[in-house]
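Letter by letter, the chains look like this.
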Amino acid sequence: MSPSPPLGIALAFLCLGILGAMPILSNARPAGYDGLTFAIWLTFWQSLSALPLFLGEAARNRRTPRARGAWAGLRGRTLAIALATGAMFGLSTYMYVVAAEKAGAVSAAVALQAYPLFAILWEALFLGKHKTRAELGFTTLMIGALVYLITNGTFRISGISWWSVYALGIPLLWSVAHILLKRVLDTTPITPNQVTVSRLIISGATLLLLQAVFGTPGDLLRGLADPDFQRAAFVMGFAYYLELIIWFYAIRHIEVSVA
């Protein structure tokens, strides 16, 4: 696929719109359920949403000898990246639900927009890619806007909620994982949906492990029996899946920091 920057930018804007709605969808879950239980169930619905396309792509690969040969050539490094990024995404999903609740939907959404700052840093440190003066100027403008919004226009550090600072850990994890995954997408036959599915499987396993250690016994079954809870988890999971698949297509066309 030849990179198309206009298409990548359009897809990234679409992701931004979905991201703006997701903290509100996360907070729409019924009261009485913790963030970890909700994160597990929304990950389950994400996985089901990805399944039809995943099965279709698998069937197509079986019919194509060239595709089978390319998949056979995948190395252990790619699998290690899948495991590491999947664990990062599992942790960030839990953090996302907690941040939306504790920091508030608006503050959480604002904090997530710090993502390009981290991506620019990692691209410079690990990939040797540097931004132009114009790009850095617009980035500085964005930093000022973020501080203005998070401090309610006061620009005083004392006005920043610690939960807003906590929410910054989410784009930090995202940026590291996405820098690694862009390399996988650029150099292997793996599709965006296959990346999404592998990430969800590992994320789900990570979340279930956290539930076993820190969770409240019986919460998962209680959530299963609650139609309102399942409806909220499905809507959030489906929105999150759409955002993911669109995002991975976007970073095929443009740099992660630009997206």
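Refer to the preceding data block for the structure.
These remarks concern the structure in this document.

## Focus: the overall build of the protein
Now for step 1: Each helix and strand in the protein was counted, giving twelve helices and zero strands.
Now for step 2: Along the protein, helices (α) and strands (β) appear in the sequence α-α-α-α-α-α-α-α-α-α-α-α when read from the amino end.
Now for step 3: Against the compact-globule benchmark of 18 Å for 259 residues, the protein has a radius of gyration of 19 Å, which places it among compact chains.
Now for step 4: Based on the C-alpha atoms only, the size of the protein along its principal axes is roughly 60 × 55 × 30 Å.

## Topic: the environment of L208
Now for step 1: Here L208 shows up in helix α10 (residues 192-214).
Now for step 2: For L208 and K129, which are 79 residues apart along the polypeptide, the C-alpha to C-alpha distance reads 37 Å.
Now for step 3: Those residues in contact with L208 that lie beyond four places of it in its chain are I40 and L220.

## Points about the pattern of salt bridges
Now for step 1: Enumeration according to the criterion identifies six salt bridges in this entry.
Now for step 2: Among the salt bridges present, the one from D219 reaches R222, with a minimum N-O distance of 3.4 Å. Note that D219 and R222 are positioned in helix α11 (residues 219-224) at a spacing of three residues, about one turn of the helix.
Now for step 3: Overall, R222 belongs to the partly exposed group, its relative accessible area being 37%.

## Brief notes about the side chain of T196
Now for step 1: With respect to the helices and strands, T196 occurs in helix α10.
Now for step 2: In this structure the side chain of T196 is engaged in a polar contact, spanning 2.8 Å, whose partner is the backbone oxygen of P192.
Now for step 3: Not counting the four nearest positions on each side in its chain, T196 is found in contact with Y241, L244, I245 and F248.

## Points about the packing of aromatic side chains
Now for step 1: According to the stated counting rule, one finds eleven aromatic pairs in the structure shown.
Now for step 2: Seen from their ring centres, Y96 and W174 are 6.1 Å apart, and the 25° between their planes marks the pair as stacked. One end of the pair, Y96, is in helix α4 (residues 76-102); the other, W174, is in helix α9 (residues 169-187), and 78 residues separate them in sequence.
Now for step 3: For Y96, a relative accessible area of 3% puts it in the buried group.
Now for step 4: What makes W174 buried here is its relative accessible area of 7%.
Now for step 5: Every member of this aromatic cluster is reached through a ring pair, and the members are W41, F44, W45, F234 and F238.

## Comments concerning the nonpolar core
Inside soluble globular proteins, nonpolar side chains tend to come together where they are buried.
Now for step 1: Grouped together as the largest cluster of nonpolar side chains are 52 residues, with contacts concentrated most on M22, F38, W174 and F248.
Now for step 2: Secondary-structure elements contributing two or more residues to this core are α1 (5-26), α2 (35-62), α4, α5 (105-112), α6 (115-126), α9, α10 and α12 (227-250).
Now for step 3: Counting residues per element, this core draws most heavily on α12, at 13 residues.
Now for step 4: Not counting residues within four places of it along the chain, the set of residues in contact with F38 comprises S26, R29, V97, F229, A232, A233 and M236.

## Thoughts on the packing of α2 against α12
Now for step 1: Across the interface, α2 lies against α12 with an axial gap of 7 Å and an inter-helix angle of 55°. Accordingly, the angle class assigned to the pair α2 and α12 is oblique. Remark: the crossing between α2 and α12 carries right-handed chirality. For the pair formed by α2 and α12, the contact residues are T37, F38, W41, L42, W45, Q46, S49, A50 and L53 on the first element and F229, Q230, A232, A233, F234, M236, G237, F238, Y240, Y241 and L244 on the second.
Now for step 2: Within the contact of α2 with α12, the residues separate by chemical class into 15 nonpolar, five polar and no charged.

## Quick notes on α12
Now for step 1: The terminal C-alpha atoms of α12, which comprises 24 residues, lie 34 Å apart, in line with the 34 Å expected from a rise of 1.5 Å per residue.
Now for step 2: Between a side-chain oxygen at the N-terminus of α12 and the backbone nitrogen of D228 the separation is 3.0 Å; the capping residue is D226.

## Some words on the environment of L42
Now for step 1: For L42, the position within the fold is in helix α2.
Now for step 2: The sequence separation of L42 and P217 amounts to 175 residues, and the corresponding C-alpha distance is 18 Å.
Now for step 3: Residues contacting L42, with those up to four places away along its chain left out, are T93, V97, A233, M236, G237 and Y240.

## Here we look at the side chain of E243
Now for step 1: Following the sequence through the fold, E243 ends up in helix α12.
Now for step 2: It is R199 that comes nearest to the buried, bridge-free E243 among opposite-charge side chains, at 6.1 Å.
Now for step 3: Beyond its immediate sequence surroundings of up to four residues, E243 is in contact with C15, I18, L19 and M22.

Criteria and thresholds
Residues numbered from 1 in each chain as written. Predicted model: local features only at pLDDT ≥ 70, side-chain atom pairs only at ≥ 80, totals over all residues. Heavy atoms only, no water. Helix = DSSP H or I, 4+ residues; strand = E, 2+ residues; numbered from the N terminus. Rg over C-alpha atoms; globule rule 2.2 N^0.38 Å. Contact = heavy atoms within 4.5 Å. Salt bridge = Lys/Arg side-chain N within 4 Å of Asp/Glu carboxyl O. Buried < 20%, exposed > 50% of the residue type's maximum accessible area, 1.4 Å probe, protein only. Polar contact = N/O pair within 3.5 Å; in protein donor to acceptor, adjacent residues only side chain to side chain. Phe/Tyr/Trp six-rings, centres within 6.5 Å; stacked < 30°, edge-to-face > 60°. Core = buried A, V, L, I, M, F, W, Y, C linked by side-chain atoms within 4.5 Å. Axes fitted to C-alpha atoms, helices over the stretch in contact; angles between N-to-C directions. Parallel < 35°, antiparallel > 145°, perpendicular 65-115°, else oblique. Left-handed = near helix turned anticlockwise from the far one by under 90°. Nonpolar A, V, L, I, M, F, W, Y, C, P; charged D, E, K, R; others polar. Expected span 1.5 Å × (residues − 1). Lys, Arg positive; Asp, Glu negative; His and termini not counted.

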